[in-house]
Every structure is written in structure tokens, then in C-alpha cells.
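Here's the letter readout for the chains.
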Amino acid sequence: MWGIIATWRMAIEGITESSEKLNEGMEAGDAIELAIKRVEDYPFYKSVGYGGLPNENCEVELDAAYMDGDTLSIGAVAGIRDFANPISIARKLSDEKVNCFLVGIGAEEYAHKNGFERKNMLTDRAKQHYNKRKKETLEQGLSPYIGHDTVGMVTLDSNGKMCAATSTSGLFMKKSGRVGDSPLSGSGFYVDSEIGGATATGLGEDLMKGCISYEIVRLMKEGLTPQQACDKAVNELDELLIKRRGKAGDLSLVAMNNKGEWGVATNIPNFSFSVATKDHEPTVYVSNRID
Ligand code: SD4
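Just so you know, these numbers come straight off a predicted model, no measurement behind them. Per chain, the residues get numbers from 1 upward, laid out in the order the sequence is written. With pLDDT at 70 or above as the cut-off, local features in this predicted model cover only qualifying residues; side-chain atom pairs require 80 or more to be listed or tallied, and sums for whole chains, interfaces and linings still use all residues. With hydrogens and water stripped out, all remaining heavy atoms of the structure feed into the side-chain values.

**Digging into the overall build of the protein**
Put simply, DSSP marks the helices as runs of H or I at least four residues long and the strands as runs of E at least two long, and each gets a number from the N terminus on. Broken down by element type, the protein carries eight helices and twelve strands. Here the radius of gyration uses the C-alpha set of atoms, whereas the globule reference equals 2.2 Å times the residue count to the power 0.38. Since a compact globule built from 291 residues should have a radius of gyration of about 19 Å, the 18 Å found for the protein is in line with a globular shape. With respect to the principal axes defined by its C-alpha atoms, the protein has extents near 50 × 50 × 35 Å. When checking whether two residues touch, look at their non-hydrogen atoms; a contact exists if any pair is within 4.5 Å. Put simply, 64% of the contacts in the protein that link residues at least 6 apart link residues at least 24 apart. On the protein, roughly 12,500 Å² of surface is accessible, and the fraction owed to carbon and sulfur atoms is 48%. Averaged over its 33 positive side-chain charges, the protein has a centre that lies 5 Å from the centre of its 42 negative ones. Computed with a 1.4 Å probe, the accessible areas rest on the Shrake-Rupley method; for each residue, only the protein chains presented here act as cover. When charges are counted, Lys and Arg contribute as positive and Asp and Glu as negative, whereas His and the chain ends are disregarded. A charged residue contributes its charge at one atom only: NZ of Lys, CZ of Arg, CG of Asp or CD of Glu.

Dropping the structure here:
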């Protein structure tokens, strides 16, 4: 069996390409990096890589992470500027025994020393979005933070190896230096090849409160299917946040186990996700909050 699942419709081209490679025997780490790079490189996806939405100073600061489900190695970058593929830098960092999660200037120095491609990640289109939102924020009191979609993926290769990865520009108009859940192990992603993996999109500040990707993997270890684990983890965190604070932010999760079975849960309307397995051609589905 092999499989790949990702948050959002934007992942479908990458997933389609990687699923062909997984079918030919590509390793899970190579397949996930390839699929995420496709999203990072495409200028019209507003929340990932090139063309990602900027922070409040109109600078694109990117977060990404990579996890190997065999060795449990993790690499991550946060607040990195002017590099084309944060996912590849995160993956390279996962080879390090220490210093495997770098932020800001430190991450940029590491990327430069290791020969990663520099690129101005701010596009004219993203600048236009920024100016429009700034105006709306001032004139109509609209929240600056709406409109953000992280790509998160889980892969399973035909040797049973699993990987998880994320890449994002984080919240639109975030404070400079703000980091969400996406590069944080356990919150934005988690994977163990002996069980399965999960990854998140939504409001990082709330996703972190439940370490929700780890929670889903833990529930799968207890014997729940990916769908049961996603439903339980999302419902419980949603209810907990409502009880303690009155409202939960957006929480959307996808998961796959080491048999290639998958699940999804969300507390928002119309959460799209992309999935392919050996027995299932690449497809986009839309999931909705279940009350
Ligand atoms: C963050 N979780 O930085 C990310 C943003 C996101 O859909 O996923 N948006 O908080």
C-alpha cells in the first residue's frame, strides 16, 4: 500500500505527481518534499511559499517542518525570509542531531551555507492583497487575520515508511516574528511509521492548545481508525475551547494510518483536502463541521 493526504484543494497537483512516483516506489520523504515544493513554487497559492501573504510589515516570513516516521527525526524553520523552498531546508535540518529547529536569521544563515536557493517571496499580487486588507482593516474594522491556508501532508510509501510535513506563510498580517503551529511537532504535524500521521491547518494559537496532531496519532495507537481519531480530537478540542473561552478558532485535521486508511475532521464549513492511495485516484473532497 502507499498513500498521501493533504490539507486543501491547492495540494492536488503536487499529490497527483507524488502519487505517480509513490506508485513507482518513491520513498515517503522524497514524495512529500516533491508535493510540498509544488505548492510552495506556485505563485497564486496565497498562504504557502512564493506569493505567500505577508506579515504586518509587508514581509513574507515562512514556517515549515518535516518529520520522518521511521527515525522520528524532525527538522523545522520559522520566520525564514527570502528562500524558495522552506520545506527542503526543514528536511535537511532533520538530519541534524541538535539545532534541528531554526528561526529567522539563524535559519537563513543555515540555508545560505547549505546552498539553498534565495528568492524574493513577495509577489505583486500578495502586495496588492496586503494593501487592500490594510485599507479594509482601517475603514471597515475587518480582522486582518482572515484568509490563510497551510499545506500539511502525510505520506506512506510501499515499504511502510511514513512522513509528515507542513509549509505556510502563517496568518496574514501576523506580527513580525509570530510563529504558529505549523513548524511545531505535535501541534502542526506528527507521524510514527508504526502507527500513522496527522497534520493541521487553522488558527495556530488554538491548534497548539491541544497538541492535536500528536493526539490523533495517540488515538490511532489506541486502536481508533483515522476517521474516529480525527473526529474525537477535533470535537474534544473544539468543546474544550468553547467551555474555557467561549469560542474556538478554526481547527482542520487530516490523518492517515500505516495501512493507508485516512480521516479528516474540521470545525469550519467547506474544508477541502486532497488524497490519493494505491486504490484511490487523486481526489479533492470537502468536509464540514459535524455538530
Ligand atoms: C498558522 N496554522 O500559522 C497556520 C495557519 C493556517 O490555515 O493553517 N492557516 O497558525
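**Focus: the sheet that holds strand β7 (residues 189-192)**
Strand order in this open sheet of four strands is β7-β8-β9-β10, and the pairing throughout is antiparallel. Among the strands making up the open sheet, the edge pair consists of β7 and β10 (262-266). Sheet twist, expressed as the mean angle between neighbouring strand axes with direction ignored, is 10 degrees. In this description, a line fitted to the C-alpha atoms serves as the axis of each element, helices being fitted only across the stretch in contact, and the angle between N-to-C directions of two axes falls anywhere from 0 to 180 degrees. Its contacts with the sheet put helix α7 (residues 212-221) on β7, β8 (196-202) and β9 (251-257), and the angle it makes with β8 is roughly 150 degrees. This element, helix α8 (residues 226-245), spans β9 and β10 of the sheet and lies at about 20 degrees to β10. Here, strands pair whenever DSSP counts at least two bridges between them.

**Thoughts on helix α3 (residues 86-93)**
Burial status follows relative accessibility: with a 1.4 Å probe on protein chains alone, a residue under 20% of its type maximum counts as buried, one over 50% as exposed, and anything between as partly exposed. α3 sits mainly inside the fold: seven of its eight residues count as buried. Here α3 has its buried residues at Pro86, Ile87, Ser88, Ile89, Ala90, Arg91 and Leu93. Packed against the buried residues of α3 are α2 (28-41), β2 (62-68), β3 (74-80), β4 (101-103), α4 (104-113) and β6 (162-168).

**With respect to the nonpolar core**
Of all hydrophobic cores here, the largest spans 82 residues; its most connected members are Ile80, Ile89, Val151, Met153, Ile212 and Ile216. Those residues in contact with Ile89, other than ones at most four positions away along the chain, are Val77, Ile80, Phe83, Tyr110, Ala111 and Phe116. In these notes, a set of buried Ala, Val, Leu, Ile, Met, Phe, Trp, Tyr and Cys residues joined through side-chain atoms within 4.5 Å is what counts as a nonpolar core.

**Section: the packing of helix α1 (residues 12-23) against α2**
Running from N to C, α1 and α2 cross one another at 160 degrees; their axes reach a closest spacing of 8 Å. Our classification of the angle between α1 and α2 gives roughly antiparallel. For the pair α1 and α2, the crossing hand works out as right-handed. Contacts between α1 and α2 involve Gly14, Ile15, Glu17, Ser18, Lys21 and Leu22 on the former and, on the latter, Ala28, Ala31, Leu34, Ala35 and Arg38. Any residue outside Ala, Val, Leu, Ile, Met, Phe, Trp, Tyr, Cys, Pro, Asp, Glu, Lys and Arg is labelled polar, Gly included; the first ten of those are nonpolar and the last four are charged. Looking at the contact of α1 with α2 residue by residue, the classes come out as six nonpolar, two polar and three charged. Note on angle classes: values under 35 degrees are labelled roughly parallel, values over 145 roughly antiparallel, values of 65 to 115 roughly perpendicular, and the remainder oblique. Left-handed describes a crossing whose near helix is turned anticlockwise from the far helix by less than a right angle; the clockwise case is right-handed.

**Section: the site of the ligand**
Neighbouring the ligand are the residues His148, Asp149, Thr150, Gly170, Leu171, Arg178, Gly180, Asp181, Ser182, Thr201, Gly202 and Gly204. Under this definition, polar contacts are N or O atom pairs within 3.5 Å; protein pairs additionally need one hydrogen-donor-capable and one acceptor-capable atom, and for neighbouring residues in sequence, both atoms have to be side-chain atoms. Within the contact set of the ligand, an oxygen atom lies 2.6 Å away from a side-chain nitrogen or oxygen of Thr201. Residue Gly204 places a main-chain N or O atom 2.8 Å away from an oxygen atom belonging to the ligand. Per-class residue counts for the shell around the ligand are one nonpolar, eight polar and three charged. In this text, near means that some heavy atom of the residue lies within 4 Å of the molecule or strand in question.

**Considering α2**
Residues spaced three or four apart along an α-helix face the same direction, because each turn holds 3.6 residues. The span one expects for a helix is its residue count, reduced by one, times 1.5 Å. The first and last C-alpha atoms of α2 sit 20 Å apart over 14 residues, in line with the 20 Å expected at 1.5 Å per residue. For α2, the buried fraction is high: ten of the 14 residues fall into the buried class. Those residues of α2 not exposed but buried are Ala28, Gly29, Ala31, Ile32, Glu33, Leu34, Ala35, Ile36, Val39 and Glu40. Elements in contact with the buried residues of α2: β1 (3-7), α1, β2, α3, β5 (151-156) and β6. Its side-chain oxygen placed 3.2 Å from the backbone nitrogen of Gly29, Glu27 serves as the N-cap of α2.

**Digging into the packing of α7 against α8**
At a closest axis distance of 9 Å, the pairing of α7 and α8 adopts a crossing angle of 135 degrees. If you check the angle between α7 and α8, you find them oblique. Read as a crossing pair, α7 and α8 show a hand that is right-handed. Contacts between α7 and α8 involve Ile212, Glu215, Ile216, Leu219 and Met220 from the former and Pro226, Ala229, Cys230, Lys232, Ala233, Val234 and Leu237 from the latter.

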